[in-house]
Amino acid sequence: MRDRDLTSADVAEFASPRELMEAEWAPCRYHCPVHADVRGYIELAARGQFEAAANLVRDCLPFASVCGRICHHPCEANCRRCEVDQAVAVREVKRFVCELTGVRAAVHKADKQDLAKVAIVGAGPAGMAAALELARIGYRPTVFEKFPVAGGIPATAIPSYRLPRDVIRQDTDWIFAHGVDFVPNCDIGKDKTIADLEAEGFEAVLIATGLADSRMLPLPGADHKRVLPVLTFLTDVSFDRTPDVGANVLVIGGGNVAMDAARTARRLGAQVTAMCLENEEEMPAWDWERDEADEEGVTFLFRRGPVEVLLDGDKIVGMKTRKVTRVFDGEGKFSPEYDDNDLQNIPCDTVIMAIGQTANLNFIEGSDLTADDRGRLTYDSATHQTSLPEVFACGEIVTAPGSAVEACASGQRAAKAIDLYLSGRTIQIDDALPPTIDKIAPATAEKVLKVERYGVDTEQPEMRITTFDEIDHNYDPEIAVREARRCMSCGGGAEVLVDKCAACLTCLRVCPFDIPVVTDVARIESSLCQACGMCIADCPANAIIARSWSPEEDLRQVAAKINALTGERKIVAYVCGHHSPATAWGGTLEDTIPGVVEEYLPSMSRLSAAEILHTLEAGATGVIVVACNEGADRYPTAPLRAAKRVEQVRELLDEIGLGAERVQYVAVADRGRAATREAMAEAADRIEGKVQESVESE
Amino acid sequence: MIVAERKPMDEIFQMLAGCKKVLVLGCGGCVTVCLTGGERQAEMLASQLNLAAKAKGEAMQVDFDSITRQCEKEFFDNLSEAPADYDAVLSIACGAGVGYMSEQFPKVTVLPGMNTTHLAANVALGIWEEYCRGCGDCMLAWTGGVCPIAKCSKSLVNGTCGGTDKGKCEVNPEMNCGWLMIYERLKELDRLDEYRTMRPLRDHRTDRGNGVRRLVLAEMTEEEAGDE
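- By the naming in an unreviewed UniProt entry, chain B goes by Methylene-tetrahydrofolate reductase C-terminal-like domain-containing protein and is assigned to marine sediment metagenome.

- The name given to chain A in an unreviewed UniProt entry is 4Fe-4S ferredoxin-type domain-containing protein, and the organism recorded there is marine sediment metagenome.

1. A closer look at the overall build of chain B
In step 1: Secondary structure summary: chain B contains 7 helices and 7 strands in total.
In step 2: Counting helices and strands in the order they occur from the N terminus, chain B gives β-α-β-α-α-β-β-α-β-β-β-α-α-α.
In step 3: Seen through its principal axes, chain B has C-alpha atoms that stretch 65 × 50 × 25 Å.
In step 4: Expressed as a percentage of its 228 residues, the buried residues of chain B come to 35%.
In step 5: Counting contacts in chain B only where the partners sit at least 6 residues apart, residues at least 24 apart contribute 52% of the total.

2. Brief notes about the confidence of the model for chain B
In step 1: Across chain B, pLDDT averages 94, with 98% of residues at or above 70.
In step 2: With pTM at 0.90, the complex prediction returns an ipTM value of 0.93.

3. Let's talk about the domain arrangement of chain A
Put simply, an interface is often sized by how much accessible area is lost when its parts join up.
In step 1: According to the domain assignment, chain A contains domain 1 (1-24 + 491-549), domain 2 (26-106 + 449-484), domain 3 (117-212 + 359-422), domain 4 (245-351) and domain 5 (550-698).
In step 2: Computed over C-alpha atoms, the centres of domain 1 of chain A and domain 2 of chain A are 30 Å apart.

4. Quick notes on the interface of chain A and chain B
In step 1: The interface is formed by 20 residues belonging to chain A together with 18 residues belonging to chain B.
In step 2: Among the secondary structure elements, those contributing two or more residues to the side of chain A that touches chain B are helix H20 (506-510), helix H24 (609-617) and helix H25 (638-655) of chain A.

5. Let's talk about the domain arrangement of chain B
In step 1: According to the domain assignment, chain B contains domain 1 (2-118) and domain 2 (135-196).
In step 2: Between the C-alpha centres of domain 1 of chain B and domain 2 of chain B there is a distance of 38 Å.

6. Side note on the sheet that holds strand S1 (residues 117-121) of chain A
All names here are of chain A.
In step 1: Reading across from one edge, S3-S2-S1-S4-S15 is the order of the 5 strands in this open sheet, with parallel pairing throughout. The open sheet has two edge strands with one neighbour each: strand S3 (181-183) and strand S15 (391-393). When the angles between neighbouring strand axes are averaged without regard to direction, this sheet yields 25°.
In step 2: Two strands pair when backbone bridges link them, and strand S4 (residues 202-207) and S15 are joined in this way by 3 bridges, in the parallel orientation. Paired with Val-205 across the strands is Val-391, a residue of S15.
In step 3: The sheet contacts of helix H9 (residues 125-137) involve S1, strand S2 (140-144) and S4, and relative to S2 the element is tilted by about 165°.

7. Let's talk about the pairing of strand S7 (residues 127-132) of chain B
Looking along a regular strand, one sees side chains alternate from face to face of the sheet.
All names here are of chain B.
In step 1: Both strand S6 (residues 114-124) and S7 contribute to a ladder of 5 bridges, which runs antiparallel. If you follow Ala-121 over to S7, its bridge partner there is Glu-129.
In step 2: Between S6 and S7, which pair antiparallel in sequence order, lie 2 residues; one of them, Gly-126, sits at a positive phi of approximately 85°.

8. Brief notes about the packing of helix H14 (residues 256-267) of chain A against helix H15 (residues 287-295) of chain A
All names here are of chain A.
In step 1: Axis separation between H14 and H15 bottoms out at 10 Å; the angle between their running directions is 20°. Our classification of the angle between H14 and H15 gives roughly parallel. Considering how the two elements wind past one another, H14 and H15 form a crossing that is left-handed. Contact residues: Asn-256, Met-259, Ala-262 and Arg-263 in H14; Glu-289, Arg-290 and Ala-293 in H15.
In step 2: Split by residue class, the contact of H14 with H15 holds 3 nonpolar, 1 polar and 3 charged.

9. A look at the UniProt feature "domain: Methylene-tetrahydrofolate reductase C-terminal-like" (unreviewed entry) in chain B
In step 1: UniProt feature "domain: Methylene-tetrahydrofolate reductase C-terminal-like" (unreviewed entry): in the numbering of this structure it lies at residues 112-204 of chain B.
In step 2: Taken end to end, residues 112-204 of chain B is 22% helix and 19% strand, and its two terminal C-alpha atoms sit 28 Å from one another.

10. A short note on the sheet that holds S7(B)
All names here are of chain B.
In step 1: The strand order across the open sheet formed by 3 strands is S1-S6-S7, and the pairing between neighbours is antiparallel. Looking at strand neighbours, the two that pair on one side only are strand S1 (2-6) and S7, the edges of this open sheet. Neighbour-to-neighbour, the strand axes of this sheet turn through a mean angle of 70°, independent of strand direction.
In step 2: In terms of strand pairing, S1 meets S6 through 5 bridges, oriented antiparallel. In the strand pairing of S6, Glu-5 is matched with Asn-115.

11. Here we look at unusual backbone geometry
Residue and element names in this part refer to chain B.
In step 1: Thr-160 follows Gly-159 through a cis peptide bond whose omega is -5°.
In step 2: Inspection of the secondary structure assignment puts Thr-160 in the loop between helix H5 (148-151) and helix H6 (178-188).
In step 3: Not every positive phi belongs to a glycine, and Ser-155 is a case in point at roughly 50°.
In step 4: Considering the arrangement of structural elements, one finds Ser-155 in the loop between H5 and H6.
In step 5: You will see that Asp-190, though not glycine, has its phi angle at about 55°, which is positive.

12. Some details on helix H19 (residues 477-484) of chain A
Given 3.6 residues per turn, any residue in an α-helix points the same way as the ones three and four places further on.
In step 1: Along H19(A), the positions that sit buried rather than exposed are A:Ala480, A:Val481, A:Glu483 and A:Ala484. The buried residues of H19(A) occupy an angular sector of 165° when the element is viewed end-on, so they sit on one face.

13. Quick notes on the nonpolar core
Soluble globular proteins: nonpolar side chains tend toward being buried together.
In step 1: By size, the foremost hydrophobic cluster in this structure holds 260 residues, and its most contacted members are A:Ala45, A:Leu206, A:Val251, A:Ile352 and A:Val626.
In step 2: When residues no more than four places from it in sequence are discounted, the contact partners of A:Ile352 are A:Leu228, A:Val230, A:Phe233, A:Val249, A:Val251, A:Ile252, A:Ala261 and A:Ala265.

14. Some details on the pairing of strand S22 (residues 622-627) of chain A
All names here are of chain A.
In step 1: Of all 6 residues making up S22, 6 are buried, and the element is well covered by its neighbours.
In step 2: In S22, alternate side chains face the same way, and those of Gly-622, Ile-624 and Val-626 on one face and Val-623, Val-625 and Ala-627 on the other are all buried.
In step 3: Sheet topology note: the strand S20 (residues 571-576)/S22 ladder contains 5 bridges and is parallel. Residue pairing in the sheet places Val-575 in a bridge with Val-626 of S22.
In step 4: Two strands pair when backbone bridges link them, and S22 and strand S23 (residues 663-667) are joined in this way by 5 bridges, in the parallel orientation.

What counts and how
- Residues numbered from 1 in each chain as written.
- Chains lettered and ligands numbered in written order.
- Predicted model: local features only at pLDDT ≥ 70, side-chain atom pairs only at ≥ 80, totals over all residues.
- Helix = DSSP H or I, 4+ residues; strand = E, 2+ residues; numbered from the N terminus.
- Buried ≥ 20, exposed ≤ 12 C-beta atoms within 10 Å, placed from the backbone.
- Contact = placed C-beta atoms within 7 Å.
- pLDDT = per-residue confidence, 0-100.
- Domains from an automatic or database assignment.
- Pairing = 2+ DSSP bridges.
- Axes fitted to C-alpha atoms, helices over the stretch in contact; angles between N-to-C directions.
- Parallel < 35°, antiparallel > 145°, perpendicular 65-115°, else oblique.
- Left-handed = near helix turned anticlockwise from the far one by under 90°.
- Nonpolar A, V, L, I, M, F, W, Y, C, P; charged D, E, K, R; others polar.
- UniProt positions renumbered as here; feature names shortened; annotations may be inferred.
- Arc of directions from axis to C-beta.
- Core = buried A, V, L, I, M, F, W, Y, C linked by C-beta atoms within 7 Å.

Spelled out as structure tokens, the structure:
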């Protein structure tokens, strides 16, 4: 809830009430490392405005398409819908809008790109995110990459069945289009030094090389050529240098990268055992990744530690292992203990070491950069600066291992630091965030319409292991909008203007969720408000506004659409869009009714009697209110209230001799496009007196 | 609260005949609470008038505004536009608001958009029922909290009359007999003695029989009251 009362004077200062949403973030945005306006783009997707949605994603998230596939989606983990049924499938909706729009995503280049040249080492999510931000400000970034392609780990190590390569190119091509130069096949420290870059006129350098080396274990026999570092293995597969893995692969490690390796080895035709120190609950891989590996026939061996690679001549024949008695100490720190009496030999002919990644500091060669006594790059996390003030670092090389979106966030922050440095300002970055909204209260959650989350189709495991094709299919447009419409618009709801509120209790009485409390004035708790707009439409004092929409703005748009109609007939149909096809709300219908503007709203709960009158004032010859049937509307009582408001307006029109028939109510919006269209066409005829009003609608 | 309801449209049209520029003015007090005279209702009435004028081909501009209370002079300072710029102000406050505003703006035609009807309680969503008639001599102490002036159609102080019929009033068979309600209530309170006591005739000077009533709080007045 706001810590300060809102008045009409405050609102007069705002360009749009949407500014209020900046003061308090929905948890999806708050917990997103790049703070993408999740609620905003999901809402656009819900309306079928897919391209606008994709552009909004890309405002904050440079690796939008990549994250549509592989993001660990903290937005979903923190989605307030979890308290109702299941989280909104944010990642799937994002994937749908980003891949649909693809490379056609809008590119907003800086007006002038004449600021300093900045060299970025590493074309992974962190480096590319920084490059994009710098280019947007007007710098001239060049990204140097040791591999022939941009994208970092997503492009070189994440298997293509999880992340097809054209998806990565959508993001990297889009970033390059902002004026980011790319130098592939250039390994800094080897092909060129940081000193060379400075000599070439780069005024700042950003190290974003990530964790490029696989951790290995100093086991006897581990120097055998078929003990493969996991990144080498995955990268070779990525670049079609398919390694010979033999028939029996043992993957050491229980993380997500180990799962990628195990599942990749399965696709190369091997029998695969994944062995880790942890038990099933302790292992760090995501549950879904472990389950999918299991479905694909990976055998798991928990709580075993590797001891020695067993050789027969020059061939690997197995791995000697011992039992793990504990992985973590009492404080939860990694501190494994073993039972050396419980030994077991696991047969295998290839071993893949997937026990973690580590930084490669080769770029230090030929520079004055320093590393600390533990071999880590010297770095100040506040300023992103290394031991050289003009050399910065970001991403996994200086943070803990994380996901692509976290690397993007680190890159964006580093870009801010570089901008401050190059413009001669103190590097001071304000990381403070607006507060987020609390979890939804159980009493409110109970009243929210339950809608099962829409899953995506997944290929059958026996098909999956025969190919590197993607295994999760995309939504189709209709499912994408339906899933997006599960969003509860957290934080987009009602705000009371205390100077206008008369404490009349109407809001409290019409709210379907029993949210308002009236003490001195009405108080509407933002963490509970479901943004249905019922109270806003029915408040007699015009004392409640919405954060996420403005009836005045909506009306201006409707007025423009009315003006654009050329014939005699100028009818506006306000349609509940909760069940409407994507094309309808998205404005790309092919079966529009001549002379009828279809205006979609999430529910008729927000449409006031005054707006219906204003629509007629704006030049409409009639208004059709197309509601859902009770029970189908996302908000309880909405069709009932809408019908009552229509009845009121019909009486008001009768009083002034304009005829009640100008405003029609039909409850059909949940019955499909054909039925809705037919009902609207008939209502339009009733408005024009071509058809007598039925007794029922009187 | 004071309840008022909008006048019939024909009467409003008659009042506004010939006006080119009209302000519909809502009141943020009682009439907002009873959902008839708030800013939203002013907005909708303005909309109706604009639509009607357009349909008739008349050039009339109707604006709307609302202030916190029209029965307090300070709140008129909050008007967005000067009332004098309008041919008429159609006030949708109660009669007190209309009359007081008219007095405050002697050169402005202030017209009543409402009929002020009763003092009510909000008994259910959308229903405001009369509970008090402002008689100036409250009798609720001996009537079990049921007002004989408001609830009896004859405002008797010694009821019932002979016209009660199965609990309903002979004047309006839709209405419950007020005195029967008093009887039932006193019985429930075990205070039927009150019912049996004969009450003196009403003194109508406290009601409407002695001219304009005013409340004067000596402790708050700036000069000696009663000089007028």
